[in-house]
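Per-entry structural report
Listed below, chain by chain, are the residues.
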Amino acid sequence: MISYEPFYKTLNKKGITEYALIFKHGIPANTLHRMKHGEAITTKTLNELCFILDCRVEDILIYIKNDKE
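Residues numbered from 1 in each chain as written. Predicted model: local features only at pLDDT ≥ 70, side-chain atom pairs only at ≥ 80, totals over all residues. Heavy atoms only, no water.

So, about the overall build of the protein chain. Helices and strands together make up the secondary structure of the protein chain, namely four helices and two strands. Relative to its length of 69 residues, the protein chain is compact, with a C-alpha radius of gyration of 12 Å against a globular reference of 11 Å. Expressed as lengths along the three principal axes of its C-alpha atoms, the size of the protein chain is roughly 40 × 20 × 20 Å. For the protein chain, the residues scored as buried account for 32% of the 69 residues in total. Contacts in the protein chain between residues at least 24 apart in sequence constitute 62% of all its contacts with a sequence separation of at least 6. When the accessible surface of the protein chain is split by element, carbon and sulfur atoms take 55% of a total near 5,000 Å². Mean positive and mean negative side-chain charge positions of the protein chain (10 and 9 charges, respectively) differ by 3 Å. (Helix = DSSP H or I, 4+ residues; strand = E, 2+ residues; numbered from the N terminus. Rg over C-alpha atoms; globule rule 2.2 N^0.38 Å. Buried < 20%, exposed > 50% of the residue type's maximum accessible area, 1.4 Å probe, protein only. Contact = heavy atoms within 4.5 Å. Areas by Shrake-Rupley, 256 points an atom, 1.4 Å probe, with all protein chains shown as cover. Lys, Arg positive; Asp, Glu negative; His and termini not counted. Charge placed at Lys NZ, Arg CZ, Asp CG, Glu CD.)

Structure (C-alpha cells):
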C-alpha cells in the first residue's frame, strides 16, 4: 500500500501549504484530495511535487507492505 504520510511532513518542514500548492503552483485540489484518501496519483504529478518541494520521491510517499495482498 502506498502512503502519502511523508508528503505532509515535507510540506510542514518546507513551510508550504496545500493552498499554495493549489493557487501558486497549480496542483489540482482533486489531486490533494486523492492523496489524503490514499488514492493513486500519476508519476507526472509526483515529479511536479518533487520539483516544487525540492525533495526526493521518498519525501512524498512510502510503500507499506500489506500482508493481505
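All told, the structure shown has three salt bridges when counted by the stated rule. Between Lys9 and Glu5 there is a salt bridge, and its shortest N-O distance comes to 3.3 Å. Remark: Glu5 and Lys9 occur in helix 1 (residues 5–14); sequence separation between them is four residues, near one turn of the helix. On the basis of relative accessible area, Lys9 is assigned to the exposed category, the value being 55%. Close ionic contact of Glu18 with Lys36 constitutes a salt bridge, the shortest N to O distance being 3.6 Å. Of this pair, Glu18 sits in helix 2 (residues 18–23) while Lys36 sits in helix 3 (residues 29–36), placing them 18 residues apart in sequence. (Salt bridge = Lys/Arg side-chain N within 4 Å of Asp/Glu carboxyl O.)

Another aspect to go through is the packing of aromatic side chains. Summed over all chains, the structure comprises two aromatic pairs. Centre to centre, the rings of Phe7 and Tyr8 are 4.9 Å apart; their planes meet at 75°, and the pair counts as edge-to-face. Judged by its relative accessible area of 0%, Phe7 falls in the buried class. On the basis of an interplanar angle of 40° and a centroid distance of 4.6 Å, the ring pair of Tyr19 and Phe23 is categorised as tilted. Linking Tyr19 with Phe23, this pair stays in helix 2, spanning four residues, or about one helical turn. On the accessibility criterion, Tyr19 (58% relative accessible area) is exposed. A residue is classified by how much of its surface remains accessible, and Phe23, at 61% relative accessible area, is exposed. (Phe/Tyr/Trp six-rings, centres within 6.5 Å; stacked < 30°, edge-to-face > 60°.)

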